[in-house]
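Architecture and fold: a report
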Amino acid sequence: MDHRAAAAEAGSPDHPLTRVIDRLAPLLPAQGPLSIFIHHNTLHAFEDRPFEEAVEHAARQLGREPFLSESRYRDKLAAGRIRSRDVEAVIVEHLGVRGDAALAGMVSRLDLWQAIVLYGFPAATGPELSWILQETPALSRFRTDVPAQARAALYSFGERADRAIDERRAVRRLWSACLDAVSRAGEPLLPPAAAPVRHRDWLHAVRDIDTDAWIHPPLIRFLAGYLDQGLAHWSMPERHRGIHGCFLEIYGASLAAQCGAWARTLPRLVADDRAAGRSALDSIANSLAALGVAEDEWPEYLGAELLALRGWAGIVRQIEERPDRVPARELTVTLRGYLAVRLLCERAALDEAARQLRFARPLAELRSSLGSALPRRPVPTAIERAWPLFHVAQLCGVDVSIVDQWTGRHVEELEAELQELDGVRRRRILHQAFERTIRYRLYDALGHHVPQAPPDAAPPAFQAVFCLDEREESFRRHLEEVEPACETFGTAGFFNVAMYHQGVTDAHPRPLCPVVIRPDHYVAEIEPEGDDFSGRTRRLHRRAVGFLGYNVHRGSRLPVRGAVLMTAFGWLALVPLVLRVVFPWLSARWSRVHKTTTTATRTRLQLDRQDTAPPIGAYSGFTVREMADIVRRVLEDIGIGGRFSPLVLIVGHGSISLNNPHESAHDCGACGGGRGGPNARAFAQMANDPRVRRQLEAEGFVIPASSWFVGAQRNTCDNTVAFFDDDLIPSGSQPLFDRVQAAIETARRREAHERCRRFDSVPTWYPPVAALAHVEGRAADLAQPRPEYGHATNAFCIVGRRTRSRGLFLDRRAFLVSYDPSDDDDGAILARIMAAVVPVVAGINLEYYFSYVDPTGYGCGTKLPHNVTSLLGVMDGAQSDLRTGLPWQMVEVHEPTRLAMVIEAAEDRILRVVQGSPTIERLVRNRWFWLASLDPGSGRLSELRSTGFVAHTPEHPLATVVGDSAAWYQGKGGFLPPVAIVSGPGGDVGQVRSSA
Amino acid sequence: VTISLPLTTLVLIGVASPAVLFVVLGGASLVNRPLSERWTASLAGASMTTAFLALVLALAVYNPSSTGAQLLSYGAWSATDEGGVAIEFLVDRLSLAFAALSAAIAGVVSAFSNRYLHREPGYHRYFVLLAMFVTGMLFIALAGNVTVLLVGWEFVGLSSALLVAFFQERPASVSNAFRVASVYRISDAALVSAAVLLDHVAGTGSTALLFGGAGAPAAVGLTGTTATIIALLLLVAVVGKSALLPLSGWLPRAMEGPTPSSAVYYGSLSIHAGCFVLLRAAPLFEQAPPARVLAGVLGAATAIFAGMTTRVQSDVKSSLAYASLTQVGIIVVEIALGWYTIAFVHLAGHACFRLLQFLSAPNVLHDLHGIEDALGDRVSGHRGYLEGLASERVRRWLFLIAVERGFLDSIIDRFVVEPFTRLARFLTDLDARLCDAVLPKAGVVRVDGIEDQDD
């Protein structure tokens with residue numbers, strides 16, 4: 001029976017319901033378990049539409065916001081973050097030839113739109129409008145914030161003493177003229193109101209009964225318990241039967257009727273399902289029939305049903321699709337199982353609602369019986385219709401005599417225009433203008449920036465390869481400022497080493513590669529001298545700490561053990577409490593010291609292919625051939641071009657913070673939400689391997705014997721840089737390594753300093769040393785909800801040679817990918833770079849976009865009440881839908897703008913690459929990110945539009961700052977435009993020069 | 001009763017500094033001039049530190065060998081022949097220790113909240129409520145008469161409900177706050193009744209007489225049925241405040257506020273306020289064996305219920321809430337058994353430990369991974385020993401009860417809330433019908449903004 005039940009839940013692919021569910025599932029949030037956070041486009045399901053259309057459509061369907069609110073954009077207009085010329089340019093482009101048409105015989109459409117978008121009008125209806133008319137000077141004074149020519153036209157009365165009375169009279173005349181004009185027009189056109197879908201929506205709209213509020217709490221408790229990955233001590237029984245099967249077992253008891261008044265008939269419905277031996281799909285079909293939902297209504301009804309608790313439904317779908325990403329892999333988790341359970345609960349609740357309403361007929365007839373009682377959308381009154389016209393007249397400077405001549409046709413024409421230019425359209429235009437401002441600044445900076453002279457034949461002092469992450473932009477810039485003789489590169493931070501990695505102290509292997517790849521290779525970190533005395537002591541010590549932690553964690557929740565623990569040792573908790581909360585920096589130091597007693601001292605990566613079967617993946621380790629391919633590919637990608645320094649650093653990154661459920665969201669996106677140190681280490685070990693070098697040499701790719709690769713990991717939170725296997729560095733390079741370490745030490749201090757300028761709690765006078773101590777404290781602070789700002793403010797991606805952007809201050813906003821167009825005639829390298837980079841950077845950028853424009857809808861709101869549940873996600877407070885997206889504390893300093901990607905390559909090569917990949921083509925065609933070409937030869941910039949590449953005309957000058965980055969950012973908050981930073985004589989440090 | 005001057009002053013400083021903080025922050029809110037974050041944090045830090053130092057010093061200065069408990073009087077607000085409202089603090093080792101502990105914990109939480117709530121729109125409001133809460137806790141700890149106790153009790157209850165509703169824009173948090181507030185009202189009503197009755201019987205509301213020593217209740221003739229009734233009323237108050245059975249349902253719902261407020265209220269201090277009052281009233285309970293037995297039974301039942309419920313909770317805050325409740329139940333049992341010292345040590349240790357656990361609740365993923373890595377194995381997938389003892393059918397049953405939290409809320413909804421709302425609705429209807437019958441129909445007043453088009 002068990003197996004049959006579980007098998008039945010597995011479902012058949014041909015069932016019509018399976019197809020419906022599969023089509024609906026992409027609407028759900030696609031966020032997996034929180035401990036492996038992967039940034040993705042929140043609206044992935046809508047990528048086949050143009051961006052603007054997609055966000056507006058999704059906003060309607062999902063009940064979310066497409067853009068920021070109009071007032072936010074208006075604030076940006078006032079603050080100069082959006083320029084009015086950008087708004088005008090966007091409207092001109094938007095309207096095209098339609099812009100010239102005259103409306104209501106008075107003004108061109110272009111002028112009307114510009115006036116409305118730039119100046120806006122207070123939309124108001126009903127009591128709010130009455131209040132405005134009664135209590136504000138709206139009917140006694142003209143608006144003062146109108147275009148100059150409109151103002152001139154309106155203020156025809158002179159500068160006399162009784163001017164106020166005159167003005168009042170004029171305003172009143174205009175208002176009554178508008179009212180008269182409305183009276184000449186026909187009935188207003190009303191867009192049809194959408195009818196409710198589910199029974200619950202009908203009940204809620206008509207009778208104010210919310211059955212969801214009844215069934216969601218127990219449903220959430222059941223789901224959370226079912227999906228639990230190890231938080232509960234006693235896990236749910238009967239979980240092997242699948243969601244639906246398990247529910248039938250547990251909620252079949254008559255006791256289940258006690259779940260609430262709504263659950264009266266639940267045991268009966270459950271027993272009915274059991275007696276009929278229904279599978280999940282059968283149960284859904286049965287429930288839908290009982291609810292009177294015909295087959296052609298299934299998609300709409302089930303879609304609404306899924307979206308009612310979308311976070312939980314989404315995680316169910318995620319686990320169904322990628323069961324390898326959760327610890328409890330033995331569970332059968334299916335969306336159809338969830339739907340079947342949900343519908344059972346819903347039917348029980350509707351039974352109760354029907355009982356309360358004394359509705360005795362079957363549930364199938366409930367909706368039609370409520371149909372007549374649906375409240376109708378109110379028809380706008382004359383005042384409500386006159387109000388916008390009144391503002392149009394003021395904004396366009398239309399005299400009352402013209403308004404008097406408006407015919408009914410004119411009024412309808414204007415109303416149709418205003419309906420097209422509704423709030424969403426205005427926000428869309430303002431948003432496009434906002435993006436245009438930001439994007440063009442970057443284009444102009446790149447266009448004006450004089451590339452530093454290409455390095456001569458001699459290799460630089462040392463080289464460093466970083467992740468393309470925009471948080472490395474500042475680190476690289478500071479490193480280059482500290483050591484002008486060095487050269488830096490950027491590439492996807494898994495360094496093409498796709499593997500399952502298991503550290504010496506890791507309980508489980510973890511995939512370290514972009515999420516689209518399922519690694520074949522397993523790599524373990526080993527302790528070559530693990531059996532000596534100190535190794536054993538450390539292992540023992542580690543075990544003891546774990547054992548203690550485990551027993552405290554569990555024991556504190558048990559009655560007797562807990563009582564003993566609390567009575568005897570409870571007060572000891574004050575020590576870590578005070579240390580972690582009041583002196584976080586100190587506790588960071590202490591835990592670092594403590595860590596040295598538990599972690600292995602000297603380890604190596606087991607990279608060579610072993611014959612043993614790996615615990616996960618297909619192979620243990622890599623063959624020399626595979627290693628050579630990996631090494632060659634990355635070095636070709638970054639365009640190192642055979643110029644190798646004696647030391648080449650490979651720097652991965654990760655982020656470690658406390659009390660942060662979203663910790664993993666700060667890790668490396670290219671490592672699938674993991675930390676990239678092991679990848680960097682593996683890459684360096686491969687590149688140093690003499691067998692690999694011989695292999696490459698045979699293929700004509702020579703790495704000189706004098707070069708040595710060193711792997712490292714940067715912690716982007718506390719800014720520490722840890723080197724791997726530095727004991728293997730040839731003694732000849734040791735002095736250089738010392739110099740490298742010193743440079744990194746200075747760079748990380750300066751980088752911390754630059755980063756601190758975005759933290760409100762850091763005074764601007766802090767010197768770099770204090771800033772570094774501050775970020776170290778942040779990482780260890782239990783009370784810190786924003787250990788770092790992660791990818792916030794990301795806006796650009798530059799693919800090309802570093803010389804193009806070196807010396808530009810990009811404010812930690814640009815993903816930097818190294819690519820040398822001169823070595824890539826067929827575009828093959830660009831194509832593979834794009835394939836790896838675009839999903840990662842677009843995913844990060846778009847997730848930040850959506851979490852910022854609708855922080856509680858697409859994002860997961862403020863962190864403060866978050867409650868980690870089932871080890872899978874967070875809920876708000878005691879209980880809520882599972883919250884997906886990014887918390888407000890992560891995105892609060894962001895600017896929601898689509899990524900502007902500039903590629904240093906000829907236009908036709910970019911087009912070829914884009915057309916070669918359907919996924920990239922779709923994103924580019926629908927403008928989910930902007931794409932521009934920076935011509936390698938001429939330095940000419942052109943942006944890809946629907947008509948092809950369009951040459952960019954510079955609008956912003958590029959300022960030059962003499963000195964270092966600090967000379968530009970010191971003491972400034974907020975966003976800083978790009979500037980060129982040139983080192984100069986000490987005398988004029990910080991001086992800003994403007995150059996066109 | 002001799003009163004040493006330094007002790008009087010120290011206790012006054014200890015209690016007054018959070019009260020002054022409350023007045024300053026609350027006053028700033030009242031005149032709509034909330035202080036900046038920096039100012040609020042500095043003031044709160046200074047005030048909490050002062051309170052803590054003063055109370056620790058008081059504990060050091062206090063000499064238990066002289067007279068036992070001392071009643072410090074700070075004058076009366078109003079005095080009549082039959083008594084009045086006096087500000088009196090009862091000082092002994094128990095009250096000073098609990099007050100110092102409260103101040104210490106409040107200090108840590110205020111330091112925590114300063115960073116945790118940075119840039120939050122409700123930052124200032126949060127600190128107003130925190131100051132109110134700390135004042136209330138110190139009043140409860142040091143209460144020298146029932147009036148002071150009541151004021152503290154109300155401060156704690158009100159700030160608690162308002163912090164549960166901290167995120168006012170979310171319907172769930174507001175409705176849960178209402179739930180918490182209504183249970184608190186039951187508890188408050190019981191405490192007020194106990195106070196009135198006490199005043200009526202003993203002619204005084206002094207906790208010194210009531211709680212001061214083993215013989216005190218007997219000395220004013222507070223024995224037998226009267227003692228039992230008062231003790232039972234106190235017990236109801238304690239049951240509400242400390243979420244004992246059958247009023248445990250509100251506790252997990254109270255997890256709506258910011259993490260530090262959940263920690264300090266339901267992990268650390270407020271949840272123990274009931275236990276502390278039981279400790280204070282121990283002499284009274286000794287005169288009232290039925291109440292004492294009932295307290296023990298409720299404590300034990302709560303411990304068993306919460307211990308079972310916490311095992312199945314799959315979200316970290318509910319799991320911790322029921323884990324706290326388990327210990328609270330055991331502490332109540334210890335008090336009922338007369339193990340006062342153990343109970344207090346248990347209470348203090350639990351308050352510190354659970355605070356740490358609650359504050360680091362968001363760290364649970366990080367912590368469990370750390371434990372797994374150190375142990376080299378998965379922590380999940382365990383099944384407790386006790387569950388294995390039951391048959392499969394019973395196990396399913398128990399699980400359902402535990403996951404539905406004993407159905408406490410739905411039972412209360414059905415037998416208390418629903419009849420009550422039905423009655424209220426009936427009365428509203430009646431009222432409307434009566435008014436309609438008596439009053440003339442009034443025309444609908446409508447404002448449409450065009451009446452005065454031209455002057």
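Position numbers for residues count from 1 along each chain, tracking the sequence in the order it is written. A letter from A marks each chain and a number from 1 marks each ligand, given out in the order of writing. With pLDDT at 70 or above as the cut-off, local features in this predicted model cover only qualifying residues; side-chain atom pairs require 80 or more to be listed or tallied, and sums for whole chains, interfaces and linings still use all residues. As a convention, hydrogens and water are excluded, and side-chain values are obtained from all of the structure's heavy atoms.

**A few points about the overall build of chain A**
- Tallying secondary structure elements over chain A gives 38 helices and 24 strands in all.
- The reference for a compact globule is 2.2 Å times residues^0.38; the radius of gyration itself is calculated from the C-alpha atoms. Taking 30 Å as the expected radius of gyration for a compact globule of 996 residues, we find that chain A reaches 32 Å, a close match to that expectation.
- Seen through its principal axes, chain A has C-alpha atoms that stretch 95 × 80 × 60 Å.
- Within chain A, contacts between residues at least 6 apart in sequence are counted, and of these 74% link residues at least 24 apart.
- Carbon together with sulfur atoms contributes 55% to the accessible area of chain A, which is approximately 37500 Å² in total. The numbering of helices and of strands both runs from the N terminus, where a helix is a DSSP run of H or I of at least 4 residues and a strand a run of E of at least 2. We call two residues contacting when some pair of their heavy atoms lies within 4.5 Å. What sets the accessible areas is the Shrake-Rupley method with a 1.4 Å probe; for residues, cover comes only from the shown protein chains.

**Describing the nonpolar core**
Residues and elements named next belong to chain A.
- In this structure, F683 and M901 are the most contacted members of the largest nonpolar core, which totals 412 residues.
- Among residues more than four places away in sequence, those in contact with F683 are F495, V497, I630, V631, V634, L635, I650 and F709.
- The nonpolar core is taken to be a set of buried Ala, Val, Leu, Ile, Met, Phe, Trp, Tyr and Cys residues, with the residues joined through side-chain atoms within 4.5 Å. For each residue, the accessible area found with a 1.4 Å probe, counting protein chains only, is set against the maximum for its type, and the residue is called buried under 20%, exposed over 50%, and partly exposed in between. By size, the runner-up hydrophobic cluster in this structure holds 22 residues, among which are V721, I729, L736 and F737.

**Some points on the confidence of the model for chain A**
Residues and elements named next belong to chain A.
- Residues at a pLDDT of 70 or more form 96% of chain A, whose mean pLDDT is 88.
- Residue-level confidence of the predictor, termed pLDDT, takes values from 0 up to 100. Below a pLDDT of 50 lies the segment residues 1–9, which in the model reaches 17 contacts outside its immediate sequence neighbourhood of four places, other chains included.
- Scored below 50 in pLDDT, residues 986–990 shows 7 contacts in the model against residues more than four places distant or in partner chains.

**Side note on the sheet that holds strand β15 (residues 814–818) of chain A**
Residue and element names in this part refer to chain A.
- Whether two strands pair comes down to DSSP finding at least two bridges between them. With respect to topology, 6 strands assemble into an open sheet ordered β15-β13-β18-β19-β20-β21, the strand pairing being mixed. Because the sheet does not close on itself, it has two edges, and the strands there are β15 and β21 (948–951). Put simply, the sheet's adjacent strands are angled 25° from each other on average, direction ignored.
- Both strand β13 (residues 796–800) and strand β18 (residues 900–903) contribute to a ladder of 4 bridges, which runs parallel. Counterpart to I798 in the pairing with β18 is V902. Helix axes are fitted only over the stretch in contact, all axes being lines through C-alpha atoms; the angle between N-to-C directions runs from 0 to 180 degrees.

**Some thoughts on the environment of R163 of chain A**
Residues and elements named next belong to chain A.
- Within the fold, R163 resides in helix α9 (residues 163–184).
- A relative accessible area of 23% places R163 in the partly exposed class.
- Considered as a pair, R163 and L810 are 647 residues apart in the sequence and their alpha carbons are 53 Å apart.

**Some points on the interface of chain B and chain A**
- Counting residues at the interface gives 93 residues for chain B and 106 residues for chain A.
- Interface area for chain B against chain A, summed over the two sides, is near 8700 Å², with a carbon-plus-sulfur share of 61%.
- Using a 1.4 Å probe, buried area is obtained as the accessible area two parts lose upon being combined, added over both of them. Contact with chain A buries area across many residues of chain B, yet R115, S314 and L365 of chain B alone supply 8% of it, more than any other trio.
- By definition, a salt bridge exists where a carboxyl oxygen of Asp or Glu is found within 4 Å of a side-chain nitrogen of Lys or Arg. On the surface where chain B and chain A come into contact, there are 6 salt bridges.
- A salt bridge links E249 of chain A to R396 of chain B, with the shortest nitrogen-to-oxygen separation between them at 3.0 Å.

**Topic: the environment of R336 of chain A**
- Positionally, R336 of chain A belongs in helix α17 (residues 335–356).
- Taking the C-alpha atoms as reference, R336 of chain A lies 7.4 Å from I21 of chain A; in sequence the two are 315 residues apart.

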